Amino acid sequence: MRNGTVITEFILLGFPVIQGLQTPLFIAILLIYILTLTGNGLIIAIVWAVPRLQIPMYFFLCNLSFLEIWYTTTVIPKLLETFVVARTVICISCCLLQAFFHFFLGTTEFFILTIMSFDRYLAICKPLHYPTIMTSKLCLQLALSSWVVGFTTVFCQMMLFSQLPFCGNNVINHFYCDVGPILKAACIDTSILELLGVLATVLVIPGHRAWPNMISYIYILFTILQIPSATGCQKTFSTCASYLTVVCLLYGAILFMYLRPTAHSSFKINKVMSVLNTILTPLLNPFIYTIRNKEVKGALRKAMTCPKTGHAK
């Protein structure tokens, strides 16, 4: 047990080295947040409004967009507060709650991405069996299991965190309640928890999510190369490249931040990587998945022109 006064709240440090840039950064991140909510919300609205888009690929994409909306909402509002308020305070219970939802939604996103890669594998490599395998019932079961397993996994970990006593320095060198800064504020030795976290990152992410994704895309790549039509090959490769871009960005950031013990990791570098993981990737997802998707762009164009046509009639 470290000597120190028991604390009941944390202070989020944010980005103290950017003095004088608070207002421009506040406006920029607020715009990014609005674009993220709008882009992901638009995907959900289009898919549910257009019957021909209600297929497994877009069903899982809706799950991903829904996740991204709440994933950014757990972090960005408090980040914006650090630019406005000199002393951004968050109670310990609120901090643990933020960490829970952040990691619960992030873990569920990994499962959804794995399912999406499996869906693309079946659609491209097993096209004749795809309709009989990827039924509506299976899609619902896969999506629901992703949410349940993600919730259960993170909830068990957060229960351990909630039992930790906190004392001494209550300043969190981050813009949200990340695992590393929380463990650093604990009064007891947390080396076992840190080791368990590293082992979970090594075993769970590469073993159960990254490798299945990589294997699926390797099979997909070989199948694409065998497509005789140049147009079909280009269209298929374009779709898979979008998925692979998101997977590489997300896995790269997560593995870099959580593959090292907390004692040997740099919180400053982690904050920079967290910007990529929690702010930029959710913003890019709608563009990555729809910028080359003629079906979604066609549905969006039709939705924008229909009111005008109806008014003219």
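Just above sits the structure.
Residues numbered from 1 in each chain as written. Predicted model: local features only at pLDDT ≥ 70, side-chain atom pairs only at ≥ 80, totals over all residues. Heavy atoms only, no water.

A. Summary view of the state of the cysteines. Applying the stated criterion across every chain, the model contains three disulfides. A disulfide bridge connects Cys91 with Cys94, and the sulfur atoms are separated by 2.4 Å. Here the S-S torsion is close to 75°, and the disulfide linking Cys91 with Cys94 is therefore right-handed. Of the residues examined, Cys94 reaches a relative accessible area of 39% and is grouped as partly exposed. Sulfur-sulfur distance for the disulfide between Cys167 and Cys187 comes to 2.0 Å. You can see Cys167 sitting in the loop between α6 (136-162) and β3 (171-172) and its partner Cys187 sitting in the loop between α7 (179-184) and α8 (191-225), a full 20 residues away along the chain. On the basis of relative accessible area, Cys187 is assigned to the buried category, the value being 4%. (Disulfide = S-S within 2.5 Å. Buried < 20%, exposed > 50% of the residue type's maximum accessible area, 1.4 Å probe, protein only. Helix = DSSP H or I, 4+ residues; strand = E, 2+ residues; numbered from the N terminus.)

B. Seen up close, helix α2 (residues 56-73). The end-to-end C-alpha distance of α2, which contains 18 residues, comes to 26 Å, matching closely the 26 Å that a straight helix rising 1.5 Å per residue would cover. Counted residue by residue, α2 has 14 buried out of 18 residues, so it is predominantly covered. (Expected span 1.5 Å × (residues − 1).)

C. Region of interest: the sheet that holds strand β1 (residues 9-12). Across the sheet, three strands lie side by side as β2-β1-β3; this open sheet has mixed pairing. The sheet terminates laterally at β2 (88-91) and β3, the two strands that pair on one side only. Two strands pair when backbone bridges link them, and β1 and β2 are joined in this way by four bridges, in the antiparallel orientation. Each residue of the ladder has a partner; that of Leu12, found in β2, is Thr88. Sheet strands in contact with helix α3 (residues 76-84) are β1 and β2, and its direction is about 140° off that of β2. (Pairing = 2+ DSSP bridges. Contact = heavy atoms within 4.5 Å. Axes fitted to C-alpha atoms, helices over the stretch in contact; angles between N-to-C directions.)

D. Representation of the packing of helix α1 (residues 22-49) against α3 in the model. The contact between α1 and α3 brings their axes to 9 Å, and the two run at 165°. Considering the angle they form, α1 stands roughly antiparallel to α3. The element α1 and its partner α3 pack so that their crossing is left-handed. Between α1, through Gln22, Leu25, Phe26, Ile29, Leu30 and Tyr33, and α3, the contact on the second element is made entirely by Ile76, Pro77, Leu79, Leu80, Phe83 and Val84. Of the residues belonging to the contact of α1 with α3, the class tally is eleven nonpolar, one polar and no charged. (Parallel < 35°, antiparallel > 145°, perpendicular 65-115°, else oblique. Left-handed = near helix turned anticlockwise from the far one by under 90°. Nonpolar A, V, L, I, M, F, W, Y, C, P; charged D, E, K, R; others polar.)

E. Representation of a nonpolar patch on the surface in the model. Taken together, the side chains of Ile27, Leu30, Leu31 and Ile34 make up a nonpolar region of the molecular surface, amounting to roughly 330 Å² of accessible area. Taking relative accessible area as the criterion, Ile34 reaches 42% and is therefore assigned partly exposed. (Patch = residues over 30% accessible without salt bridge, like charges linked within 9 Å, V, L, I, M, F, W, Y side chains within 5 Å. Areas by Shrake-Rupley, 256 points an atom, 1.4 Å probe, with all protein chains shown as cover. Salt bridge = Lys/Arg side-chain N within 4 Å of Asp/Glu carboxyl O.)

F. Seen up close, the pattern of salt bridges. Going through the model one piece at a time under the given rule, you end up with three salt bridges. Between Arg120 and Asp119 there is a salt bridge; the shortest N-O distance is 2.9 Å. For the pair shown, Arg120 and Asp119 are each scored as buried.

G. Seen up close, the environment of Leu37. Within the fold, Leu37 resides in helix α1. Not counting residues within four places of it along the chain, the set of residues in contact with Leu37 comprises Ile69, Thr72 and Thr73.

H. Representation of the packing of aromatic side chains within the structure. By the definition in use, this model includes 13 aromatic pairs. Ring centres of Phe104 and Trp147 lie 6.0 Å apart, and the angle between their planes is 65°; on these two criteria the pair is classed as edge-to-face. Placement of the pair is Phe104 in helix α4 (residues 92-125) and Trp147 in helix α6, with a sequence separation of 43 residues. Trp147 carries the same exposure label as Phe104, and that label is buried. Each ring, one from Phe175 and one from Tyr176, has its centre 5.2 Å from the other, and the planes form 65°; the classification is edge-to-face. For the pair formed by Phe175 and Tyr176, the shared burial category is buried. Cluster of aromatic residues (ring-pair linked, three or more members): Phe66, Trp70, Phe100, Phe101, Phe104, Trp147, Phe151 and Phe155. (Phe/Tyr/Trp six-rings, centres within 6.5 Å; stacked < 30°, edge-to-face > 60°.)

The values reported here are purely geometric and, on their own, carry no functional implication.
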